[in-house]
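These are the residues of each chain, in order.
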Amino acid sequence: MVIEVYPQIYLNEIPLPKFQLKAIHSYIVLSDQRNLIIDTGLNTEQGRAAIIQGIRELNVDLSKTDLMLTHMHPDHVGMASFLQEQGAAVYMSQVDGELINPVYSRTSKTPAAKLYEVLSAEKDFIPALDDEFGDNSTANVVFYPVREGNTICVGDYVFEIIATPGHTPGHIGLYEKKHKLFFCGDHILEHINPSVMFWSYEQDMLGMYMNSLEKVRALDVDYLY
Ligand SMILES: [Zn+2]
């Protein structure tokens, strides 16, 4: 079921059955020309049912829809290839976009995929992870890269890409200046702090995260999604 949270902007709650965080927020922005979906939820049976239900309720034509992914975590990108197969055009940052396919595709031969293959042989280790994260093995997403300052117009809205690295190296948010809306992905969460994980010795992720927090503090925002 979708809920209109702002004119022509709908919240589609996608269940995360085995997570403490019960659901992820996917948003659908409608317009006469192209629609926009922001983030998808995990690629599970329940997830697919929920996202399809929302799409049908709003009569969204996926061939006239852009999908913007705030970052590469499976609860945000999990159904990207599923929606892409039905015609949606996928956008995300270059940095996180380059990470999703090697990390989630079981057929790629990247070091991450090989490690996954080895760990999968340890039956006690990986099955729990598989259960939680759903099947992202088809995540062969072809994406168009977006960067800070790019804008995407949807009806009356002009969303500006704000780079907010920290939670992931290429995390982005969408700022709508005129209506003072900010779609922040996992950069800011209600009640809890987002995880800021170690990625490599070259990157100070916590420093990047703190800088991103300072940056978004300067934005004039009435509604945070
Ligand atoms: Zn995340």
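Look up a bit, the structure's there.
Owing to the predicted nature of the structure, the values given are computational and were not obtained by experimental measurement. (Residues numbered from 1 in each chain as written. Predicted model: local features only at pLDDT ≥ 70, side-chain atom pairs only at ≥ 80, totals over all residues. Heavy atoms only, no water.)

Caption draft 1: Fine view of the sheet that holds strand E1 (residues 2-6). The strand order across the open sheet built from seven strands is E1-E2-E3-E4-E5-E6-E7, with neighbouring strands paired in mixed fashion. Both edges of this open sheet fall to E1 and strand E7 (143-146), since each of them pairs with a single strand only. Direction aside, the axes of adjacent strands within the sheet are offset by 30 degrees on average. Here strand E5 (residues 65-68) runs beside strand E6 (residues 89-93); their pairing, made up of three bridges, is parallel. In the strand pairing of E6, Asp66 is matched with Ala89. Taken strand by strand, helix H1 (residues 45-57) contacts E1, strand E2 (9-15), strand E3 (23-29) and strand E4 (35-38), and its axis lies near 160 degrees from that of E2. (Pairing = 2+ DSSP bridges. Helix = DSSP H or I, 4+ residues; strand = E, 2+ residues; numbered from the N terminus. Axes fitted to C-alpha atoms, helices over the stretch in contact; angles between N-to-C directions. Contact = heavy atoms within 4.5 Å.)

Caption draft 2: Just the pairing of E6, in detail. For E6, the tally of buried residues reaches four of five residues, placing the bulk of the element in the interior. The pairing of E6 with E7 spans four bridges and is parallel. Paired with Met92 across the two strands is Pro145, which belongs to E7. (Buried < 20%, exposed > 50% of the residue type's maximum accessible area, 1.4 Å probe, protein only.)

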